[in-house]
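# Report on the structure
As a plain string of letters, each chain reads:
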Amino acid sequence: MTHEDESELEAELARLQQEHRDLDAAIDALHQSPAPDLLRLQRLKKRKLLLRDRIAFIEDQITPDIIA
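Residues numbered from 1 in each chain as written. Predicted model: local features only at pLDDT ≥ 70, side-chain atom pairs only at ≥ 80, totals over all residues. Heavy atoms only, no water.

Labelled according to an unreviewed UniProt entry, the chain appears under the name Bsr7110 protein, originating from Bradyrhizobium diazoefficiens.

Have a look at this one:
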């Protein structure tokens, strides 16, 4: 992996982590509302899970393999 590829992955990782935090805040705000939109809440949670999986994949790509 070139330095440029790693930089692109790190930039995408930072963007995804920010989106994950934003979704967390949105989900929390929906929970606090008097009549939460359950369908929207479910969609946000699903998106958050997809982001978590993508973040884990990118972190694995950035972290070098250690041969023991």
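From this point on, the discussion continues.
## Focus on the pattern of salt bridges
Enumeration according to the criterion identifies five salt bridges in this entry. Across the pair glutamate 19 and arginine 15 runs a salt bridge whose closest N-O atoms are separated by 3.6 Å. Remark: arginine 15 and glutamate 19 occur in helix α1 (residues 3-32); sequence separation between them is four residues, near one turn of the helix. Here lysine 48 ties to aspartate 24 by a salt bridge, and the two come within 2.7 Å at their closest N and O atoms. Taken together, the residues lysine 48 in helix α2 (residues 38-62) and aspartate 24 in helix α1 connect sequence positions 24 residues apart. For aspartate 24, a relative accessible area of 38% puts it in the partly exposed group. Salt bridges sharing partners connect three or more residues here, namely Arg15, Glu19 and Arg47. (Salt bridge = Lys/Arg side-chain N within 4 Å of Asp/Glu carboxyl O. Helix = DSSP H or I, 4+ residues; strand = E, 2+ residues; numbered from the N terminus. Buried < 20%, exposed > 50% of the residue type's maximum accessible area, 1.4 Å probe, protein only.)

## Describing the environment of proline 64
Within the fold, proline 64 resides in the segment after α2. The class of proline 64 is exposed, set by a relative accessible area of 59%. Spatially, the C-alpha atom of proline 64 lies 9.8 Å from that of methionine 1, the residues being 63 residues apart in sequence.

## Some remarks on the environment of serine 33
Within the secondary structure, serine 33 is located in the loop between α1 and α2. Among the polar contacts made by the side chain of serine 33, one reaches the main-chain carbonyl oxygen of leucine 30 at a distance of 2.7 Å. (Polar contact = N/O pair within 3.5 Å; in protein donor to acceptor, adjacent residues only side chain to side chain.)

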